[in-house]
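Structural characterization, general
This is what each chain is made of:
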Amino acid sequence: MIDFKTLSDTYDTPLYIYDFDYISTKYSELKESFRAKKSLICYAVKANSNLSVIKHLADLGAGCDCVSIGEVRRAFLAGVSSYKIIFSGVGKRDVEIKEAIEKDILMINLESFAELMRVEIMAKELGKIARISIRVNPNIDPKTHPYISTGLSENKFGVDIEDAKRMYIKAKNSEFLDPVGIHFHIGSQLTELEPIQKSSEIVADLVRNLKVLDINIKFFDIGGGLGIRYKDEVLIKPYDYAQAIFSTLFTLDVTIICEPGRFLVGESGYFLTKVLYEKQNGDKRFVIVDGGMNDLIRPSLYNAYHDIEVLNNENEKTLTDVVGPVCESGDFFAKNIELPKTEHNDLLVIKNAGAYCYTMSSNYNTRAKAAEVALENGKDRLIRKRENFEDMIALEKEFIK
Ligand SMILES: *Cc1c(COP(=O)(O)O)cnc(C)c1O
């Protein structure tokens, strides 16, 4: 049991809390599932990029999937080996590409022909060979929320099979490019196996076709996307996931790379917030808390569901919205949920807040970002200080005229 009251007394609210032991459990579960083949789990840093979270996963053996050079730098700082770092994303700047090549990471994941040309130019300038993979868009409907669907041709990600083939041939004929990997990632919060298996089949077929052209893919990157249980979702079992991928590879001798973000850290996280007031507008009841959409935007952005618990409160439950102090009607954590009558300073725990919560936070309304705390072996420790006013104005103060 997590002692939220003591954590609130020690660190104040709003506060993010991550159970590192739970992250370890999830990592092992996934790694074990893939044990029949060579595999590397590259944690998707964007889900939760706190350095201590990355370090914890690196210590377990994970690599990193990064979507900006900032994330690549975080991975290095946290002690991830260069040969376990992948750099993905549709819009990489020249300076980012250069740095990735100089740092000699495992591979740069390309998402267009134009990008391939840029990477070749950068590698040539540096006199180095850039290891690359190509993100294939298998045009498969992942059956998830449209904002987190990425594997359809209407999405901006990746290239189709024919373009991918042309790119591999171009890369093979280049002195400065080494095509070592292939990649697909069809979406996030996936709860159905079939679209993943179909995508894997399509991409594995391409790998076999490339082999005929003497292009030998070593890394088969299946992306991330495994869903977690926010409410009542029926989840893909890691074992079934691995078996589905294996079934598409037959005898292909590749290292499977998997890039989970949400799966590894989502359920480990709690967002702790305090009740400021209750109010009633006509028939409508509101519980107003000290955390807001600037701290945790998923309900506002995706209408995402997060379980909410009021601690140590046995009062009668009625329907309410749980809202923050930000000046937006979209600033809510839940609508029309059953919650007991609360008092000033009652603690609310918002569950499954380990992924895409802190990393999406902002200073909107000049609200300082929350602190982050790790729980490990029964102990708690601060892993990011609470921001203060000075932090928020540091980069603009000197310019007041
Ligand atoms: C976001 C992303 C991931 C991680 O997605 P999850 O749903 O958090 O597992 C993996 N790979 C790529 C390329 C991504 O963009």
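Please refer to the structure higher up on the page.
Rules behind the numbers
- Residues numbered from 1 in each chain as written.
- Predicted model: local features only at pLDDT ≥ 70, side-chain atom pairs only at ≥ 80, totals over all residues.
- Heavy atoms only, no water.
- Helix = DSSP H or I, 4+ residues; strand = E, 2+ residues; numbered from the N terminus.
- Rg over C-alpha atoms; globule rule 2.2 N^0.38 Å.
- Contact = heavy atoms within 4.5 Å.
- Areas by Shrake-Rupley, 256 points an atom, 1.4 Å probe, with all protein chains shown as cover.
- Lys, Arg positive; Asp, Glu negative; His and termini not counted.
- Charge placed at Lys NZ, Arg CZ, Asp CG, Glu CD.
- Buried < 20%, exposed > 50% of the residue type's maximum accessible area, 1.4 Å probe, protein only.
- Pairing = 2+ DSSP bridges.
- Axes fitted to C-alpha atoms, helices over the stretch in contact; angles between N-to-C directions.
- Near = heavy atom within 4 Å.
- Polar contact = N/O pair within 3.5 Å; in protein donor to acceptor, adjacent residues only side chain to side chain.
- Nonpolar A, V, L, I, M, F, W, Y, C, P; charged D, E, K, R; others polar.
- Disulfide = S-S within 2.5 Å.
- 1 Å grid on protein atoms, 1.4 Å probe; cavity = no way out; pocket = protein on both sides within 12 Å on 5 of 7 lines; lining within 4 Å.
- Points joined across faces, edges and corners; volume = space filled by probe spheres on them.
- Patch = residues over 30% accessible without salt bridge, like charges linked within 9 Å, V, L, I, M, F, W, Y side chains within 5 Å.
- Salt bridge = Lys/Arg side-chain N within 4 Å of Asp/Glu carboxyl O.
- Phe/Tyr/Trp six-rings, centres within 6.5 Å; stacked < 30°, edge-to-face > 60°.
- Lys NZ or Arg CZ within 6 Å of the ring centre and 35° of its normal.
- Expected span 1.5 Å × (residues − 1).
- Arc of directions from axis to C-beta.

A tally of regular secondary structure across the chain gives 12 helices and 17 strands. For 401 residues, the compact-globule estimate of 2.2 N^0.38 gives 21 Å, and the C-alpha radius of gyration of the chain, at 23 Å, lies within 12% of that figure. Dimensions along the principal axes, computed over C-alpha positions, put the chain at roughly 70 × 55 × 40 Å. Across the chain, every contact between residues at least 6 apart in sequence was considered, and the portion connecting residues at least 24 apart equals 71%. When the accessible surface of the chain is split by element, carbon and sulfur atoms take 50% of a total near 18,200 Å². One way to put it: in the chain the 52 positive side-chain charges average out to a point 4 Å from where the 60 negative ones average out.

Turning our attention to the pairing of strand β16 (residues 371-376). Taking burial as the measure, the six residues of β16 include five buried ones, the bulk of the element. Note: strand β1 (residues 15-19) against β16, five bridges, orientation parallel. Bridging across to β16, Y16 finds its partner in E372. With antiparallel pairing between neighbouring strands as the criterion, β16 and strand β17 (residues 379-384) make up a hairpin whose turn holds two residues, including N377 at a positive phi of roughly 50°.

We now examine the sheet that holds strand β6 (residues 130-135). Read around the closed barrel, eight strands run β2-β3-β4-β5-β6-β7-β8-β9, paired in parallel fashion. Neighbour to neighbour, the strand axes of the sheet diverge by 30° on average, direction disregarded. Looking at chain direction, strand β2 (residues 39-44) and strand β3 (residues 63-66) are connected through three bridges and run parallel. If you follow A44 over to β3, its bridge partner there is D65.

What follows concerns the site of the ligand. Surrounding the ligand, one finds 14 residues, the nearest of these being K46, S188, G225, E259 and Y356. In this structure, S188 approaches the ligand through a side-chain N or O atom, which is 2.3 Å from an oxygen atom. Considered on its own, the ligand offers 390 Å² of accessible surface; in the complex 94% of this is hidden by protein. In the shell around the ligand, the residues fall into three nonpolar, six polar and five charged.

As enumerated under the stated definition, the model contains zero disulfides in all. Cysteine C258 is unpaired, with the sulfur of C42 as its nearest cysteine sulfur at 8.9 Å. The cysteine C357 is free of any disulfide, with C64 supplying the nearest cysteine sulfur at 19 Å.

Our focus in this paragraph is empty space enclosed by the protein. Under the definition given, this model contains two cavities of 30 Å³ or more. Put simply, the largest cavity is a space of about 60 Å³. Every residue lining the largest cavity is listed: A100, I101, D104, I105, M107, I108, I129, A130 and R131. Every residue along the wall of the second largest cavity is listed here: F184, H185, I186, G187, L190, I196, I222, G224 and Y241.

Let's shift gears to a nonpolar patch on the surface. Residues I169, V212 and L213 make up a contiguous nonpolar surface patch of about 270 Å² in total accessible area. Relative to the helices and strands, V212 is located in helix α8 (residues 194-212). Residue classification places V212 among the exposed positions, given a relative accessible area of 69%.

With that settled, the discussion passes to the side chain of D321. Within the secondary structure layout, D321 lies in strand β13 (residues 317-323). At 3.3 Å, the side chain of D321 and the side chain of K284 are in polar contact. Not counting residues within four places of it along the chain, the set of residues in contact with D321 comprises K284, R285, F286, V287, A334, K335 and N336.

Tracing the chain through its elements places S329 in the loop between β13 and β14 (332-340). Residue S329 is classed as exposed on the basis of its relative accessible area, which comes to 75%. Taking the C-alpha atoms as reference points, S329 and A370, 41 residues apart in sequence, are found 21 Å from one another.

Applying the stated criterion across every chain, the model contains eight aromatic pairs. For the ring pair F34 and Y241, a centre distance of 5.8 Å and an interplane angle of 85° mean the geometry is edge-to-face. Here F34 is found in the loop between α2 (20-33) and β2, whereas its partner Y241 is found in helix α9 (residues 238-249), with 207 residues between them in sequence. Geometrically, the ring pair formed by F34 and F246 is edge-to-face, given 5.9 Å between the ring centres and 85° between the ring planes. Of this pair, F34 sits in the loop between α2 and β2 while F246 sits in helix α9, placing them 212 residues apart in sequence. Each member of the pair, F34 as well as F246, carries the same accessibility label: buried. By the ring-pair criterion, three or more aromatic residues cluster together here, those being Y16, Y18, F271, F333 and Y358. The lysine or arginine in question, K335, covers the ring of F332, its NZ or CZ lying 4.4 Å from the ring centre.

With that settled, consider helix α6 (residues 113-126). Structural remark: α-helix, 3.6 residues per turn; residues separated by three or four positions point the same way. For α6, built from 14 residues, the straight-helix expectation of 20 Å at 1.5 Å per residue is met to within 8% by its first-to-last C-alpha distance of 20 Å. By the burial criterion, the buried members of α6 are E115, L116, V119, E120, M122 and A123. The buried residues of α6 all sit within an arc of 165° when viewed along its axis, so they share a single face. In α6, those exposed residues whose orientation departs by more than 90 degrees from the buried face are A114, K124 and E125.

This part takes up the pairing of β13. Pairing analysis gives three bridges linking strand β11 (residues 284-289) to β13, with the strands arranged parallel. For F286, the partnering residue across the bridge sits in β13 and is D321. Sheet topology places β13 next to β14; six bridges connect them, and they run antiparallel. Bridged to K317 within β14 is P340.

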